Amino acid sequence: MAAAVRAIGSLTRFTAAAKYCPSRRRLPGYACRHISSSSPLKSRTHVNYDIKGDVAVVRFNSPNSKVNTLSKQLQAEFVEVMNEIWTNEAVKSAVLISAKPGCFIAGADINMIEACKSSQEISQLSQEGQKMLANLEKSPKPIVAAISGSCLGGGLEVAIACQYRIATKDKKTVLGTPEVLLGLLPGAGGTQRLPKMVGLPAAFDMMLTGKNIRADKAKKMGLVDQLVDPLGPGIKSPEERTIEYLEEVAITFAKGLANKSVSQKKNKGLIQKVTDYALAIPFVRQQVYKMVEGKVRKQTKGLYPAPLDIIEVVKTGLEQGNDAGYLLESQKFGELGMTSESKALIGLYHGQVQCKKNKFGQPKQQVQTLAVLGAGLMGAGIAQVSVDKGMKTILKDTTLLALSRGQQQVFKGLNDKVKKRSLTSFERDMILSNMTGQLDYKDFSKADMVIEAVFEDISIKHKVLKEVEAVIPPHCIFASNTSALPIGQIAAASKRPEKVVGMHYFSPVDKMQLLEIITTDKTSPDTAASAVAVGLRQGKVIIVVKDGPGFYTTRCLTPMLAEIIRILQEGTDPKKVDTLSTGFGFPVGAATLIDEVGVDVATHVAEDLGKAFGERFKGGSVELMKAMVDKGFLGRKAGKGFYIYQEGVKNRSINTGMDEILARFKIPANPEVSTEEDIQLRLVARFVNEAVLTLQEGILSNPVEGDIGAVFGLGFPPCLGGPFRFADYYGAQRLVDRMRKYENIYGSQFTPCQLLLDHAKDSSKKFHK
């Protein structure tokens, strides 16, 4: 479960986009230029084909979209096209290719699934897909899938139903089964074909994680038969040249398969042969199922039904035969499509797509040079994600030691990519050559944006703002990476408040996807547009909120942290608190969360927001956290907090030094509100109520951004879809009833806000339609 937030982040794989549409004319001098071309037999909008010699080249091209998806229209046209090819005696083989270089097929059309009103309707979609691909698999004429770009979900199911697969050895070419990340399973035969193609362990790894497989690894696994190196620029763009070359190669292999000069038989390595032999023994297979199921239950806490269903469907196919496997696949696909977990995860997917767009439009001037003030953990992280995406980056600190640490952190982050083979050492060094470390404001005159990541102290922020404004050009934007200080207060020291904006990153910056952008009443739309544009270039999912103490994310988290402290004071031990919170779906346990945030940071924020919001933000004693700070129990960074942290030790032990502090601040627990369910709902209710209040007050502009911010920035349970989707699903009235019960004991900290009361009074009111 600890990987849940990161795993959901992987949903962005669906949004891989093509930038170019290839011309269908060939480059002069290509080997196959003599092949005659015929026009498509019918005018179609999603699928067309040419006949080149005796090879039909089928092209997928969803109109008005950057990606191809298996919509009803595309499937209908594809079936029509294939029937024409199968009945045309002049055609001996076929090639399936995309007219979009960056995308083969990105998966099924999610809207098609969402439009269904019952599990039976969704199962019907699955059965139609199964039938289409069964015909493809049994094709009397060999079919070659020519893959360039994303080949995901239903796209991969199409490819593995073909007789042969060729892929471009390009970073954009990835294969995967991300259905589990939407609370679904591969529904067009993927659960049955994949284990037979790549083996049971590799198939489970792909289907249960949803991770992308790059082309070179796919070749080693047996998922792809041949690789094609991408071409460089020529008369046309590299993308166009590469896809034309891929088509030429695919046509050659299609001809070879038809005349039997190319064999479909795969040469398996010794390890694969031994694995296959072992898995042919029923007892060994049963042990594999048991081990995988145990790991899944441990990781998901039983909160995500899709992974367990994937195991069951695969097992059924292998143990009871194809017919039983396909039948159960379609049934489970239908059932999963109607679960609240799938609806929540699909909602997050749509939210991510929405938060990857710039609502302010294109800025007048693109940020070419970015300067970062402060080379600490956050500053170095911001520098890394900026320089990694091609921005010239200046990293400034006041001491050589701090600067060196920051530069080393950036190097380590990029070097980790080299170790994982997603970068070469040459590419790493090229990227690093665009970063300059310095102790002064030299070259800030060339900066288009400055992001400050200095200590959370208003006087320090005012000091650096004045220093920066003395040296930067008029168009340069000043952004603050504060987590709680109002941007308006920071901008009060500025000569040009319209150029000041908040850019709240989350730690670790290179791993956490969210960026919270904060605008004041004086922030200009162009400044906001520039901030969003920079965040998108950095690969972030972006929410834009209005200014106020704690903005949106910190403001939602703080009341929950106060409640965690109170629960600990009432005698629930940290491990139990962690078990209850992860059992509800939080990827990180509640007590561990305070250690991760930093006890000193949590104390600082609790005091600041406590002053701003008063009684509503009270709960546990801030004095308890101050006592921890005095003892040096600052959390993970200090090696001690509620737990003891040791390098290389996975199982943390409770910090017994906390016994005296917890005993000193112990308060009696009220049994009426202390059941396990009560403890979970006390935490969640305070989070959700504050989220709804920010929407009521206009800090947050819409529930979608609220859900995205909570899940991707704060680890709200992805299976619940965010605080607003949770309120819809759990029921506003039911939530208000619970809060009234807690309000009777604890007072105004649990008073429901007016917007939540409005939704409770009218059950037709929903945050998500």
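Residues numbered from 1 in each chain as written. Predicted model: local features only at pLDDT ≥ 70, side-chain atom pairs only at ≥ 80, totals over all residues. Heavy atoms only, no water.

> Honestly, the nonpolar core in this entry has me stumped. Any pointers?
Note on soluble globular proteins: their nonpolar side chains tend to be buried together. In terms of nonpolar packing, the biggest core is built from 102 residues, with Val450, Tyr552, Ile564, Phe716 and Phe726 touching the most fellow members. Among the elements that take part in this core, helix 27 (residues 676-697) stands out by supplying 11 residues, more than any other. Of all hydrophobic cores here, the second largest spans 75 residues; its members include Cys162, Ile213, Met221 and Val224. (Core = buried A, V, L, I, M, F, W, Y, C linked by side-chain atoms within 4.5 Å. Buried < 20%, exposed > 50% of the residue type's maximum accessible area, 1.4 Å probe, protein only. Helix = DSSP H or I, 4+ residues; strand = E, 2+ residues; numbered from the N terminus.)

> Sorry if this is basic, but what is going on with unusual backbone geometry here?
If a residue is not glycine, its phi is most likely negative; likewise, a peptide bond is most likely trans. A cis geometry characterises the amide bond from Ser507 onward to Pro508, with omega recorded as -5 degrees. The topology assignment puts Pro508 in the loop between strand 16 (500-505) and strand 17 (514-519). A positive phi is found at Phe551, a non-glycine position, where the angle reads about 55 degrees. Assignment of secondary structure puts Phe551 in the loop between strand 18 (541-546) and helix 21 (553-569).

> Can you walk me through helix 5 (residues 154-161) in this structure?
Given 3.6 residues per turn, any residue in an α-helix points the same way as the ones three and four places further on. In terms of burial, helix 5 is largely enclosed, as eight of its eight residues are buried. Buried within helix 5 we find Gly154, Gly155, Leu156, Glu157, Val158, Ala159, Ile160 and Ala161.

> Whenever I open this one, empty space enclosed by the protein confuses me. Can you help?
Any space left empty among the atoms is revealed by the rolling of a water-sized probe across them. Within the structure shown, the criterion is met by two cavities of 30 Å³ or more. Put simply, the second largest cavity is a space of about 30 Å³. Lining of the second largest cavity is provided by Met560, Ser581, Phe586, Val588, Ala590, Leu593 and Leu683. Across the lining of the second largest cavity, the residue classes tally to six nonpolar, one polar and no charged. (1 Å grid on protein atoms, 1.4 Å probe; cavity = no way out; pocket = protein on both sides within 12 Å on 5 of 7 lines; lining within 4 Å. Points joined across faces, edges and corners; volume = space filled by probe spheres on them. Nonpolar A, V, L, I, M, F, W, Y, C, P; charged D, E, K, R; others polar.)

> Where do I start with the packing of helix 28 (residues 703-714) against helix 29 (residues 723-730) in this structure?
Packed helix pairs are specified by the crossing angle of their axes together with the interaxial distance, meaning the distance between the axes. Across the interface, helix 28 lies against helix 29 with an axial gap of 7 Å and an inter-helix angle of 110 degrees. Relative to helix 29, helix 28 is oriented roughly perpendicular. Within the contact between the two elements, helix 28 uses Pro703, Gly706, Asp707 and Ala710 and helix 29 uses Pro723, Phe724 and Arg725. (Axes fitted to C-alpha atoms, helices over the stretch in contact; angles between N-to-C directions. Parallel < 35°, antiparallel > 145°, perpendicular 65-115°, else oblique. Contact = heavy atoms within 4.5 Å.)

> I tried to follow the pattern of salt bridges on my own but got confused; where do I start?
Any two side chains of opposite charge can pair if their charged atoms end up close together. Inspection of every chain in the model, using the stated rule, returns 43 salt bridges. The residue Lys52 makes a salt bridge to Glu247 at a minimum N-O spacing of 2.9 Å. Here the residue Lys52 occupies a position in strand 1 (residues 47-52), and Glu247 occupies one in helix 9 (residues 238-258), the gap between them amounting to 195 residues. A residue is classified by how much of its surface remains accessible, and Glu247, at 6% relative accessible area, is buried. Residues participating in the shared-partner salt-bridge network are Glu563, Arg566, Glu570, Arg682 and Arg686. (Salt bridge = Lys/Arg side-chain N within 4 Å of Asp/Glu carboxyl O.)

> So what exactly am I meant to see when it comes to the pairing of strand 12 (residues 392-396) here?
Every other side chain in a regular strand lies on the same face of the sheet, so the side chains alternate between the two faces. Among the five residues in strand 12, four count as buried, and that is most of the element. Pairing geometry for strand 11 (residues 369-373) and strand 12, over five bridges, is parallel. Bridge assignment links Thr369 to a residue of strand 12, and that residue is Lys392. For the crossover from strand 11 across helix 15 (residues 377-387) to strand 12, the handedness is right-handed. As paired elements, strand 12 and strand 13 (residues 435-438) share four bridges and run parallel to each other. Bridging across to strand 13, Leu395 finds its partner in Gly437. (Pairing = 2+ DSSP bridges. Right-handed = clockwise from strand over helix to strand, strands pointing away.)

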